[in-house]
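# Report on the structure
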Amino acid sequence: MRKKALTYQHNAPFELERGDVLAQLEIAYHTYGKLNADKSNVVWVFHALTANSEAIDWWDGLFENDSVINLEKHFIVCANILGSPYGTTSPLSVNPETGKPYFSSFPRITIRDMVEAHKLLRDHLGIEKIAIGLGGSMGGFQTYEWAVQDPEIFERLILVATAPKESPWRISVHAAQRLAIEADPSWKNNDPEAGAAGVAASRAIGMLSYRNHEIFEQTQSDEEAKVDDFKADSYIRYQGSKLANRGFSGYLLWNLTKALDSHDLSRGRGTLIEVLEGIRIPVLQIGITSDLLFPIREQRKIADHLYNVHYHEIESFYGHDGFLTETEKINQLIEGFLS
């Protein structure tokens, strides 16, 4: 079900956490289903790094008619994140003060900035309560952050393969990705395709953390012995060029990975354990057994400090990408959580 994004225009200054100010803000978003009379059926879906607001498309299988969260019962909202190339203000947007695209002059952003943009959209839509906040990976970062900022808004959270703070391991992966981007001399050029080679290399690095040894053995092994032109090599190159052709310029992707690194619920709020224990609403937390980015050991530690947690682990060969592919298993856990 492909659907054109809606747009909310915020014609006022938007102050960022690091002190910069955007003269105005445009937010692309999708809604599905209908808001009921008492506005009690809102499900807010938060997307991950390279996705967009078309949640029904990229989280295929999670919102089917027979799913517990579906378009007949719920009003589903998904907003494109600040800094993304899919409609919300980003480095590719026109700076109203210059009449030219921001490109590398676009300011650095954080997860908290993304949440502030979501709040503006919530006000625009007239939503007072959110029945379910649902996010995986970077989407979970936003879910966590908003729930901590405004605990009275959410009734339940569903968090898949995510964490309340970015880890040294994930920051290191992002640093390696940024090194790849920075090695492309064009990455800061005033061009929507600036840094394309760096973006491709960065994506290739990321793919190694999104998947794992087992899934590559299953899907990328060569049937015949050879000395070159390996299937895995071709696959990684394809994935890299695919992202570079999807509107992700070098500086744009560099900036988004910096935003990932900024995620820390405890910043300015005490210890991480204190913040986690302060989340009192029911939380469905799902870990993926083969996830290299958000390993099960970390997921179990997080669950130990959530007051009202329903913790489950999914067996999957897909690694971190299991949060996108294992929708049948995720649906089963959501059904149990909401029943």
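The notes below deal with the structure included here. Bear in mind that the values here come from a model prediction, so they are computed numbers and not experimental data.

The calculated volume of the largest pocket comes to roughly 760 Å³. At the level of secondary structure, the elements contributing two or more residues to the lining of the largest pocket comprise helix H1 (55–58), helix H3 (138–149), helix H4 (168–182), helix H5 (196–210), helix H7 (231–244) and helix H11 (322–325). For the second largest pocket, the calculated volume is near 190 Å³. Along the wall of the second largest pocket there are 14 residues; nearest its centre are Pro164, Lys165, Leu272, Glu298 and Ile302. When residues of the lining of the second largest pocket are traced back to their parent elements, those giving at least two are H4, helix H9 (272–277) and helix H10 (296–303). A class-by-class count of the residues in the lining of the second largest pocket yields seven nonpolar, two polar and five charged.

Attention now moves to the sheet that holds strand S9 (residues 130–136). Strands sit in the order S1-S4-S6-S5-S9-S10-S11-S12 across an open sheet of eight strands; the sheet is mixed. Each edge of the open sheet is held by one strand with a lone partner, namely strand S1 (6–10) and strand S12 (309–314). With strand direction ignored, the average angle separating the axes of adjacent strands in the sheet is 20°. Looking at chain direction, strand S11 (residues 283–288) and S12 are connected through six bridges and run parallel. Considered in S12, the bridge of Leu284 is made with His310. Across the sheet, helix H2 (residues 111–125) lies against S1, strand S4 (25–32), strand S5 (42–46) and strand S6 (75–79), angled at about 60° from S4, the strand it touches most.

Pairs can form between side chains of opposite charge once their charged atoms are near each other. A complete count under the given rule lists 15 salt bridges for this structure. Here Arg178 makes a salt bridge to Asp261, at a shortest N to O gap of 2.8 Å. Taken together, the residues Arg178 in helix H4 and Asp261 in helix H8 (residues 250–261) connect sequence positions 83 residues apart. Taking relative accessible area as the criterion, Arg178 reaches 7% and is therefore assigned buried. Of the charged contacts, one joins Asp321 and Arg211 as a salt bridge, the two residues approaching to 2.8 Å between their closest N and O atoms. Here Asp321, found in the loop between S12 and H11, pairs with Arg211, found in the loop between H5 and helix H6 (213–220); they are 110 residues apart in sequence, far enough to count as distant. Pair check on accessibility: Asp321 and Arg211 agree, each one buried.

Turning to the pairing of S5, a few remarks are in order. As a general feature of sheets, a regular strand has side chains that alternate between the two faces. Burial runs high along S5: five of the five residues are buried. Alternating positions in S5 separate into two faces, Val42, Trp44 and Phe46 on one and Val43 and Val45 on the other, with burial throughout.

Viewed as axis vectors pointing N to C, H5 and H7 meet at an angle of 125°, and their least axial separation amounts to 7 Å. Comparing their axes, H7 and H5 come out oblique. For the pair H5 and H7, the sense of crossing is right-handed. Along its contact with H5, which presents Ala196, Val199, Ala200, Arg203, Ala204, Met207 and Leu208, the element H7 presents Tyr235, Ile236, Gln239, Gly240, Ser241, Leu243 and Ala244. The class makeup of the residues in the contact of H5 with H7 is ten nonpolar, three polar and one charged.

Quick look at the environment of Gly33 now. Structurally, Gly33 can be placed in the loop between S4 and S5. In this structure, the C-alpha to C-alpha distance between Gly33 and Phe75, residues 42 residues apart in sequence, is 4.7 Å. Filtering out sequence-adjacent residues up to four positions away, Gly33 remains in contact with Leu71, His74 and Phe75.

Looking at the secondary structure, you find Asn80 in the loop between S6 and strand S7 (94–95). Residue class for Asn80 comes out buried when judged on its relative accessible area of 2%. For the pair formed by Asn80 and Glu335, sequence separation is 255 residues and the distance between their alpha carbons is 26 Å. Among the polar contacts listed, one links the side chain of Asn80 to the side chain of Ser84, at a separation of 2.9 Å. Of note is the side chain of Asn80, whose polar atom sits 3.5 Å from the backbone nitrogen of Gly87.

What follows concerns the side chain of His263. Within the secondary structure, His263 sits in the loop between H8 and H9. The class of His263 is buried, set by a relative accessible area of 2%. A distance of 2.9 Å separates a polar atom in the side chain of His263 from the backbone oxygen of Ala163. Dropping the residues within four chain positions of it, His263 is found in contact with Ile111, Phe141, Tyr144, Ala163, Pro164, Lys165 and Glu166.

Calculation notes
- One numbering rule holds for all chains: residues counted from 1, following each sequence as written.
- Selection of residues for local features in this predicted model requires a pLDDT of at least 70, selection of side-chain atom pairs for listing and counting requires 80 or more, and totals for whole chains, interfaces and linings are taken over all residues.
- Here the side-chain values reflect all heavy atoms present in the structure, with hydrogen atoms and water set aside.
- Grid spacing is 1 Å over the protein atoms alone, the probe is 1.4 Å, and a cavity is where that probe fits but cannot get out, while a pocket is an open set with protein on both sides within 12 Å along at least five of seven lines and lining residues have an atom within 4 Å of a point.
- Grid points are joined across faces, edges and corners, and a volume is the space filled by probe spheres set on the points.
- Secondary structure counts use DSSP, requiring at least four H or I residues in a row for a helix and at least two E residues in a row for a strand, with both numbered from the N terminus.
- Ten residue types, Ala, Val, Leu, Ile, Met, Phe, Trp, Tyr, Cys and Pro, are classed as nonpolar, four, Asp, Glu, Lys and Arg, as charged, and the remainder, Gly among them, as polar.
- Two strands qualify as a pair provided DSSP detects at least 2 bridges between them.
- Note on definitions: angles span 0 to 180 degrees between N-to-C directions of axes, and those axes are lines fitted to C-alpha atoms, for helices only across the stretch in contact.
- Only heavy atoms enter the contact rule, under which two residues are in contact if any of them lie within 4.5 Å.
- For this analysis, a salt bridge means a side-chain nitrogen from Lys or Arg found within 4 Å of a carboxyl oxygen belonging to Asp or Glu.
- Type-normalised accessible area, obtained with a 1.4 Å probe on protein chains alone, sets the label of each residue: buried when under 20%, exposed when over 50%, and partly exposed for intermediate values.
- Any angle between 65 and 115 degrees counts as roughly perpendicular, while under 35 counts as roughly parallel, over 145 as roughly antiparallel, and the rest as oblique.
- Note: crossing handedness is left-handed where the near helix turns anticlockwise from the far helix by less than a right angle, and right-handed where it turns clockwise.
- Counting of polar contacts relies on pairs of N or O atoms within 3.5 Å, with two restrictions inside protein: one atom must be capable of donating a hydrogen and the other of accepting it, and residues adjacent in sequence are counted only when both atoms are side-chain atoms.

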